[in-house]
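Residues per chain, in single letters:
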Amino acid sequence: MKKLVSLVLLHLILSQSYVFAQSSRLTGKVTDQDNVALPGVSILLSGSTTGTVTDADGNFVINAPGNGSLVFSFIGYQSQTVAINNRTSIDLKLIQESTSLGELVVVGYGTQKKTDVTGALSVVSTREFSQQPITRLDQVLQGRAAGVQVTQSNGAPGGDARVRVRGANSVLGNNDPLYVIDGFVGANYNLLNPADIESLQILKDAASTSIYGSRGANGVVIITTKKGAKGLKVNYEGQGSVSNVIKTFDILPAGEFAEIVNSRAIATGSNTPFTEAQIANFKQNGGTDWQDLVYRKGSGTQQQITVSGGNDKTSFLVSGNYVKQSGIVENSGFKRYVLRTNLNTQINKKLSMRLNLSGAKSMNHNTDGGGALIEALQWAPTTPAYGEDGQPTFADPIGSVSRSPLDQLYDKSNDIDRMNINAIGGLNWQLPIKGLSLDLQYAINYLNAQNKNFTGKRLSNNNPSASRYSSEQVTLQNTNALNYNTTIGNHSINAVAVLETQQFTDRNFQATATGLRFPQLGYDNIGGNSAATVVSGYSKWTLLSFLGRVNYAFRDKYLVTAAIRRDGSSKFSKDNRNSVFPSVALGWRLSEEEFIKNMNVFSNLKLRASWGMTGSQAINPYATLSPYNTTQMAFNNTAITAGVIQGNQGNKNLKWETTRQTDVGIEMEFLNGRLHVEADYFHKNTTDLLLNVALPNYAGGGTQVRNVGEIENKGFEFAIGGTPIESGKFAWETNLNFSTLKNQVLSLGGLPRLGTGTGAGGGMSITNEFMLKPGEPLGSYWGLNYLGTFKQADADAAALQGRVPGDPRYEDVNGDNAITTDDFQIVGRAFPKMTGGWNNTFTYSGLTLNVFFQGAFGLDKLNYTRAGAMSGSGEARQFLLTEIRDYYRPGNENSDIPAFTKTYQPFTQSSRFVENGSYVRLKNVSLSYNVPTSIFKDKATIRVFASVTNVLTFTKYTGPDPESSNVGSNTDTAMGIDRGSYPNAKVYTIGLNLGF
């Protein structure tokens, strides 16, 4: 027996000696289908533990026998086994996985294979936006995920965007999704550089979001930033752009405007302002194009550099990003600086460490739009831009009663500066028990916000004013997660238990002053003033959370996920401080069943269903308490005395808004993964809605926050994508998604309706512009129903209201022959019923063409910009738009544009100016070329590209941009008003990408 063992050992030693004796040096390079080098590809000698990985340029070196085989594997690509056949060099192209079967996705406090996920989530691949000139995360999200609505409501550089996942759930609270970046919950996405994104997932149903408990009701966007890889790699990208306004209003030429003004004066018995000689002069020489003076050709630059590398144990990535953009409106612009460092190290086989540091600074200057864009459509084209003194004309004798568009541009400053510093450190320890690991993470986020405003002498009637607002916000987070993974026979279990704490502190200070003695110093010296107000504030809240989740799979085809989270928030009183948010989800991978396999149709077929609860802390930290406010009062005609009065009453019974959501979905893949389809139906109900309820005077008056309402969101989501054509050097990859949404208020706690407003109307609204009403969606416009003009046959009906034929006619709801606020009704709905996007990428050899469409349907917009230019009353005294040519007059008595009469009484808050806001936009067209790496001896990669953003817009909306709005993303009870809002621009970009 001993001899036999000795012979076997001798044979093995001789065999190994023979193998090593025959081994030789083998080199090569691994690229993708576009000849782009792939770093970090794992290369293993088949049947052994000998292996290596490719460097930053895709190159590798390995000692291997000539009769052996190499196994090449890389995440996201198909593994390949290649026989050496005594070669000394092997170059290989890895083929991208056409199926998502092995794709790992981040699901919150962990990862899962996409096929094992039982909840509804969308994955946005970096490939979908890497060919486009992206500067912000909202541009990444727009149109690329079903159920995610993104509206770039402020088209200014660095402007505001509205992001909604499956509708809106809250009235008082913010309906933005929760952003989680590298595990930090509640991150500020505006200061993220999109080029740093490694992966991006959107969690949509309660089974996915309940793990985030009281902050998951609006959906969760999870972002993981890039890490370094073995070897050194340097990448630089630079781009430059120019931009133009997409569209402007059609304004009457000066001569025709003067004729219209005279015709109106004659019809109303007034003196005509313009002589025939003046009109002739205007027709010959033209007048002032105020829109041309307000808008300009914008420009921009973006510079990005990334250095990454590492060895077998440690990797690093350092990136820097600089963005500078001048807006298409004069005297507006944006700058941003972002610096990131990600460090990962494997201390030993059981312990690893990570440290992510990022800093960002952004500066917005006059990006609010507003006054200048409004007055450009209200100042008469017959009024010169400048007076004889070279200064802007101070007053318009015939058009607007407000200051000149030029003063609106240059006699004020609105600057918003943000400085954000984020540090995330973590340790991961593989515990002695197999499959059990402990992850500890600590994070701190510091945000310094500065809002600075100045209004000069001309705009303020010689009473210049300024204000400074300063806020320091510090967020601390600690996450302790215990993960367990095991497989026992046909049973797979993945479990996580987490203890998490978070603390938020805000300290702010504001000073406002009027009558500045040195206005040339603007907001930097507000001490010299005639009157000033100083306000300071402090707030703090904490959150303590316990959560757990178990993912169970039997035979990789029967899937169950159960999760529960218990949150305790300092915002609520002791009795309501804690709440529990459970969820459960089921999945069935039918494609693993034999009767489906035998069909030879599906490479993946999965049914899934989920139910869960999430919450929202839609109150400020001290809403349960009754505050006291300072005031000033005069007693018995004496001097004013400062005092204290009680504010709105607190409510110690406040509790979380709770959203219950049900989701049913199906996932399908065909043609070995080349075609994938996903569909979902969801139903969300938010109860205990937090609302401001008016109190009677005997109870103290004012309002009190109460849990009284209910909102519903439901709809369908559909996504289809794949590679329809892949032949030789040509390939076409496409992804189409769309979603429907029905949002409605179910209850207001017994109230028939509740009005909300924005102030955006600038005096054009005589009551709240929006109304909350059961059966209607959020963002419902409140106004009069415009019926056109009184015709000759309606003379008697007009007379009952003191009107004549040609006057505007509104629906008299209560039949009292008087048009008042009692006749107001819902006249439009700003919430879109459907959104969608279609992304296409065509590749041929080194050329790549990307074409991206995006759209929104079934929504209305209240076009107050047009209303001001067509009201002929109030602030704007004349009609400026070319549509006035069709006004009601003898010979044109079928027109619904009112006549010039003495009894003319317009209401701009009416359906006349509620327009169809649906649109389809060719959002981006990009063409890039990858220069062959062989030119540079495989030492560098070069990509040149050109793109156009907002290429074409198909819409019936008459304003410059159907997306833009005066209302930001903080509320969904009021949205879609366009009152001089800053429009999105058409942007032309060229750029260069270098890799070493």
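Basis of the calculations
- Residues numbered from 1 in each chain as written.
- Predicted model: local features only at pLDDT ≥ 70, side-chain atom pairs only at ≥ 80, totals over all residues.
- Heavy atoms only, no water.
- Helix = DSSP H or I, 4+ residues; strand = E, 2+ residues; numbered from the N terminus.
- Rg over C-alpha atoms; globule rule 2.2 N^0.38 Å.
- Buried < 20%, exposed > 50% of the residue type's maximum accessible area, 1.4 Å probe, protein only.
- Contact = heavy atoms within 4.5 Å.
- Areas by Shrake-Rupley, 256 points an atom, 1.4 Å probe, with all protein chains shown as cover.
- Core = buried A, V, L, I, M, F, W, Y, C linked by side-chain atoms within 4.5 Å.
- Phe/Tyr/Trp six-rings, centres within 6.5 Å; stacked < 30°, edge-to-face > 60°.
- Lys NZ or Arg CZ within 6 Å of the ring centre and 35° of its normal.
- Pairing = 2+ DSSP bridges.
- Axes fitted to C-alpha atoms, helices over the stretch in contact; angles between N-to-C directions.
- Salt bridge = Lys/Arg side-chain N within 4 Å of Asp/Glu carboxyl O.
- Parallel < 35°, antiparallel > 145°, perpendicular 65-115°, else oblique.
- Nonpolar A, V, L, I, M, F, W, Y, C, P; charged D, E, K, R; others polar.
- Patch = residues over 30% accessible without salt bridge, like charges linked within 9 Å, V, L, I, M, F, W, Y side chains within 5 Å.
- Polar contact = N/O pair within 3.5 Å; in protein donor to acceptor, adjacent residues only side chain to side chain.
- Expected span 1.5 Å × (residues − 1).
- pLDDT = per-residue confidence, 0-100.

Draft legend 1. Seen up close, the overall build of the protein chain. Within the protein chain, the regular secondary structure consists of 11 helices and 50 strands. Taking 30 Å as the expected radius of gyration for a compact globule of 996 residues, we find that the protein chain reaches 32 Å, a close match to that expectation. Considering only C-alpha atoms, the protein chain reaches an extent of 125 × 70 × 65 Å along its principal axes. Out of the 996 residues belonging to the protein chain, those deemed buried represent 52%. Contacts in the protein chain between residues at least 24 apart in sequence constitute 69% of all its contacts with a sequence separation of at least 6. For the protein chain, the exposed area adds up to about 43400 Å²; of that, 56% sits on carbon and sulfur atoms.

Draft legend 2. Quick look at the nonpolar core. Of all hydrophobic cores here, the largest spans 48 residues; its most connected members are Leu778, Tyr781 and Ile884. Per element, the largest residue contribution to this core is 5 residues, and it comes from helix α4 (residues 254–267). Among the nonpolar cores identified, the runner-up in size contains 25 residues, and Ala161, Leu200, Val221 and Ile223 belong to it.

Draft legend 3. Geometry of the packing of aromatic side chains. What the rule picks out here adds up to 21 aromatic pairs. Their ring planes at 90° and their centres at 5.9 Å tell us that Phe581 and Trp656 sit as a pair that is edge-to-face. Here the residue Phe581 occupies a position in strand β28 (residues 578–589), and Trp656 occupies one in the loop between β31 (640–646) and β32 (657–670), the gap between them amounting to 75 residues. As far as the burial class goes, Phe581 and Trp656 line up, both buried. Pairing Tyr887 with Phe900 gives two aromatic rings, centres 4.2 Å apart and planes at 25°, and the pair type is stacked. Pair noted here: Tyr887 is in the loop between α11 (864–869) and β46 (914–916) and Phe900 is in the loop between α11 and β46, with a separation of 13 residues, a long-range link. On the basis of relative accessibility, which here comes to 11%, the residue Tyr887 falls in the buried class. Of the residues examined, Phe900 reaches a relative accessible area of 8% and is grouped as buried. The aromatic ring of Tyr957 is capped on one face by Lys861, whose charged end is 5.6 Å from the ring centroid. Over the face of the ring belonging to Tyr919 we find Arg921, whose NZ or CZ atom lies 5.6 Å from the ring centre.

Draft legend 4. Broad picture of the sheet that holds strand β7 (residues 89–93). Pairing is mixed across the open sheet formed by 3 strands, whose spatial order is β4-β1-β7. Strands with a single pairing partner mark the edges of an open sheet, and in this sheet they are β4 (59–65) and β7. Each strand axis lies, on average, 30° off the axis of its neighbour in the sheet, ignoring direction.

Draft legend 5. Representation of the environment of Thr687 within the structure. As for its placement among the helices and strands, Thr687 is situated in strand β33 (residues 675–694). Taking the C-alpha atoms as reference points, Thr687 and Met870, 183 residues apart in sequence, are found 43 Å from one another.

Draft legend 6. Inspection of the pairing of strand β21 (residues 351–365) at higher detail. One ladder, built from 14 bridges, connects strand β20 (residues 333–346) with β21; its direction is antiparallel. The residue bridging Thr345 from the neighbouring strand is Met353, located in β21. In this structure, the hairpin formed by β20 and β21 is closed by a connection of 4 residues. Across 15 bridges, the pairing between β21 and strand β22 (residues 412–430) is antiparallel.

Draft legend 7. Quick look at the pattern of salt bridges. One pass over the structure, following the stated rule, counts 43 salt bridges. Notably, a salt bridge pairs Arg166 with Glu717, separated by 2.7 Å at the nearest N-O pair. Of this pair, Arg166 sits in the loop between β12 (162–165) and β13 (178–181) while Glu717 sits in strand β34 (residues 703–727), and the two are 551 residues apart along the sequence. Neither residue differs from the other here; Arg166 and Glu717 are each classed as buried. Through salt bridges that share partners, Lys114, Arg166, Lys204, Lys606, Arg608, Asp663, Glu667, Glu678, Asp680 and Glu717 make up one connected network.

Draft legend 8. Representation of the packing of α4 against helix α5 (residues 276–285) within the structure. Packing of α4 against α5 leaves a shortest axis separation of 7 Å and a crossing angle of 150°. With respect to α5, the axis of α4 lies roughly antiparallel. Note on element contacts: α5 touches α4 through Ile279, Phe282 and Lys283, opposite Ala254, Gly255, Ala258, Glu259 and Asn262. Looking at the contact of α4 with α5 residue by residue, the classes come out as 4 nonpolar, 2 polar and 2 charged.

Draft legend 9. Here's a closer look at a nonpolar patch on the surface. On the surface, Ile725, Phe730, Tyr844, Leu847, Leu849, Leu927, Tyr929, Val944 and Leu992 cluster together to form a nonpolar patch covering roughly 710 Å² of accessible area. Relative to the elements of secondary structure, Val944 occurs in strand β48 (residues 941–955). The exposure class of Val944 is partly exposed, given its relative accessible area of 35%.

Draft legend 10. Broad picture of unusual backbone geometry. Unlike most non-glycine residues, Asn366 shows phi in positive territory, near 50°. Mapped onto the elements of the fold, Asn366 is located in the loop between β21 and α7 (371–375). For Asn366, a relative accessible area of 7% translates into the label buried. Of note, the phi angle at Arg555 is positive, near 55°, even though the residue is not glycine. Overall, Arg555 belongs to the partly exposed group, its relative accessible area being 48%.

Draft legend 11. Up close: the environment of Thr767. Along the polypeptide, Thr767 turns up in the loop between β37 (754–756) and β38 (770–772). The sequence separation of Thr767 and Gln909 amounts to 142 residues, and the corresponding C-alpha distance is 8.7 Å. In this structure Thr767 touches Trp782, Thr821, Phe824 and Gln909, once residues within four positions along its chain are discounted.

Draft legend 12. Region of interest: the side chain of Glu237. Assignment of secondary structure puts Glu237 in strand β17 (residues 233–245). Among the polar contacts listed, one links the side chain of Glu237 to the side chain of Gln239, at a separation of 3.2 Å. Looking at Glu237, its side chain comes within polar contact range of the side chain of Asn993, at 2.9 Å. If we ignore the near neighbours within four places in the chain, the residues touching Glu237 are Gln302, Gln303, Gln304, Arg943, Phe945, Leu992 and Asn993.

Draft legend 13. Quick peek at the sheet that holds strand β49 (residues 977–978). An order of β46-β45-β49 is seen for the 3 strands of this open sheet, with the pairing classed as mixed. Taken across any chain shown, the strands that pair with only one partner, and hence form the sheet edges, are β46 and β49. Examined bridge by bridge, strand β45 (residues 860–863) and β46 share 3 bridges and lie antiparallel to one another. If you follow Lys861 over to β46, its bridge partner there is Glu915.

Draft legend 14. Seen up close, α4. For α4, built from 14 residues, the straight-helix expectation of 20 Å at 1.5 Å per residue is met to within 8% by its first-to-last C-alpha distance of 20 Å. Of the residues making up α4, those classed as buried are Ala254, Gly255, Phe257, Ala258, Ile260, Val261, Asn262, Arg264 and Ala265. Tucked inside the fold, the buried residues of α4 contact α5. Gly269 sits one or two positions beyond α4 and adopts a positive phi of about 80°.

Draft legend 15. Examining the pairing of strand β47 (residues 919–931) more closely. Examined bridge by bridge, strand β44 (residues 847–857) and β47 share 10 bridges and lie antiparallel to one another. Bridging from a neighbouring strand, Thr848 pairs with Ser928 of β47. As paired elements, β47 and β48 share 12 bridges and run antiparallel to each other. Bridged to Asn924 within β48 is Thr949.

Draft legend 16. Geometry of the environment of Gln878. Structurally, the position occupied by Gln878 is in the loop between α11 and β46. What makes Gln878 buried here is its relative accessible area of 11%. Through-space distance from the C-alpha of Gln878 to that of Ile398 is 7.4 Å; in sequence the pair is 480 residues apart. Once residues lying within four places of it in the same chain are set aside, the contact partners of Gln878 are Phe257, Val261, Arg264, Ile398, Gly399, Ala869 and Gly872.

Draft legend 17. Here's a closer look at the confidence of the model for the protein chain. Predicted confidence across the protein chain gives a mean pLDDT of 90, with 95% of residues reaching 70 or more. Across the protein chain, strand β40 (residues 786–789) holds the top mean pLDDT of 98, while helix α1 (residues 2–22) sits lowest at 39. Taken as a whole, residues 1–21 scores under 50 in pLDDT and shows 1 contact with residues more than four places along the chain or in a different chain.

Draft legend 18. The arrangement of the side chain of Ser780 in detail. With respect to the element layout, Ser780 can be found in strand β39 (residues 780–783). Residue Ser780 is classed as buried on the basis of its relative accessible area, which comes to 0%. Of note is the side chain of Ser780, whose polar atom sits 2.7 Å from the backbone oxygen of Pro777.

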